[in-house]
Amino acid sequence: MKRTAVYPGTFDPMTNGHVDLIRRGCHIFDRVLVAVLIDTEKAPLFTVEERLQMIRAIFRREPKVVVKSFSGLLVEFMRKEKARIVVRGLRVVSDFEHEFQMALMNRRLGPEVETLFLTPKEELSYTSSRLVKQVHQLGGDVSGLVPALVHRALARKIPTGD
Ligand code: PNS
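A quick note: this is a predicted structure, and the numbers were derived from the prediction, not measured.

Procedures and definitions
- Residues numbered from 1 in each chain as written.
- Predicted model: local features only at pLDDT ≥ 70, side-chain atom pairs only at ≥ 80, totals over all residues.
- Heavy atoms only, no water.
- Pairing = 2+ DSSP bridges.
- Helix = DSSP H or I, 4+ residues; strand = E, 2+ residues; numbered from the N terminus.
- Right-handed = clockwise from strand over helix to strand, strands pointing away.
- Phe/Tyr/Trp six-rings, centres within 6.5 Å; stacked < 30°, edge-to-face > 60°.
- Buried < 20%, exposed > 50% of the residue type's maximum accessible area, 1.4 Å probe, protein only.
- Salt bridge = Lys/Arg side-chain N within 4 Å of Asp/Glu carboxyl O.
- Near = heavy atom within 4 Å.
- Polar contact = N/O pair within 3.5 Å; in protein donor to acceptor, adjacent residues only side chain to side chain.
- Areas by Shrake-Rupley, 256 points an atom, 1.4 Å probe, with all protein chains shown as cover.
- Axes fitted to C-alpha atoms, helices over the stretch in contact; angles between N-to-C directions.

J.: Explain the pairing of strand E3 (residues 65-70) here, please?
T.: For a regular strand, side-chain orientation follows a simple rule: the groups alternate between the two sheet faces. Inspection of the sheet shows strand E2 (residues 31-37) paired to E3 by 6 bridges, in the parallel sense. Bridged to Val34 within E3 is Val67. In this fold, the crossover linking E2 to E3 by way of helix H2 (residues 48-58) has right-handed handedness.

So this is what it looks like as structure tokens:
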């Protein structure tokens, strides 16, 4: 039986912080299932298909990483996938409150589900998809904060950035 961790998120787009976390997960688990939320309230810049494609391309040489989309409750997706561990990143103290609420809500909905928090490299602790999009849109350089193919995709979506 393979030990699978599910890493859920919006990933709009995937940053180097996410990539770092997934690789840390791969050191602990046999398989990291990146679960991209479909019906988010956040009005994403990239479609689900675009996000799935980009994440699959980033990890094309890393067979432990599997990428799927999901909608509805995370715990239902976990049951369908027969997985019990959720991995989430904790970057800074301000992440804690929201992450703690989600972990406890998921535990209430699915007592079999355990949430494991990992921290990314400290130099990525201020990186977020939201800031990356904002800085790029305003012409700032976000290379080094996102994988090269995400950077190119951002430039195509928001050409004013470069
Ligand atoms: O990248 P994000 O936006 O911080 O990820 C949030 C995510 C996708 C992990 C969270 O919104 C989620 O799990 N949504 C699915 C709906 C759900 O299960 N809600 C109840 C638990 S909070």
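J.: What is the right way to look at the packing of aromatic side chains in this model?
T.: For any pair of aromatic rings, the description rests on two quantities: the centre-to-centre distance and the angle between the ring planes. Applying the stated criterion across every chain yields a total of 3 aromatic pairs. With 5.1 Å between their ring centres and 20 degrees between their planes, Phe96 and Phe100 make a pair best called stacked. A residue pair is termed a helical-turn pair when its members lie 3 or 4 positions apart in one helix, as Phe96 and Phe100 do in helix H4 (residues 93-109) at 4 residues. You can call Phe100 partly exposed: its relative accessible area is 41%.

J.: Looking at this structure, how should I read the pattern of salt bridges?
T.: Once their charged atoms are close, side chains differing in charge can pair, the charge on each being opposite to the other. In the structure shown here, the tally under the stated rule is 11 salt bridges. We note a salt bridge from Glu81 to Lys68, for which the minimum N-O separation is 3.1 Å. Pair noted here: Glu81 is in the loop between helix H3 (74-80) and strand E4 (85-89) and Lys68 is in strand E3, with a separation of 13 residues, a long-range link. As a salt-bridge pair, Arg91 and Asp95 come within 3.0 Å of each other at their nearest N and O atoms. Classification of Arg91 by relative accessible area gives partly exposed; the value is 36%. The exposure class of Asp95 is buried, given its relative accessible area of 12%.

J.: Looking at this model, I keep getting lost on the site of the ligand. Mind explaining?
T.: Close to the ligand lie Pro8, Gly9, Thr10, Leu37, Lys42, Phe70, Gly72, Leu73, Leu74, Arg88, Met102 and Asn106. Between the ligand and Lys42, the relevant distance is 2.5 Å, taken from an oxygen atom to a side-chain nitrogen or oxygen of the residue. Contacts to the ligand include Leu74, whose backbone N or O atom sits 2.8 Å from an oxygen atom. Protein burial of the ligand: of its 540 Å² of free accessible surface, 76% is covered by the chains.

J.: Any chance you could explain the sheet that holds strand E1 (residues 4-9) here in plain terms?
T.: Paired through backbone hydrogen bonds, the strands of a sheet run either parallel or antiparallel to each other. The 5 strands lie next to each other as E3-E2-E1-E4-E5, forming an open sheet whose pairing is parallel. Lying at the two open borders of the sheet, with one neighbouring strand each, are E3 and strand E5 (114-118). In this sheet, adjacent strand axes meet at a mean angle of 30 degrees when their direction is disregarded. With 5 bridges connecting them, E4 and E5 associate as parallel partners.

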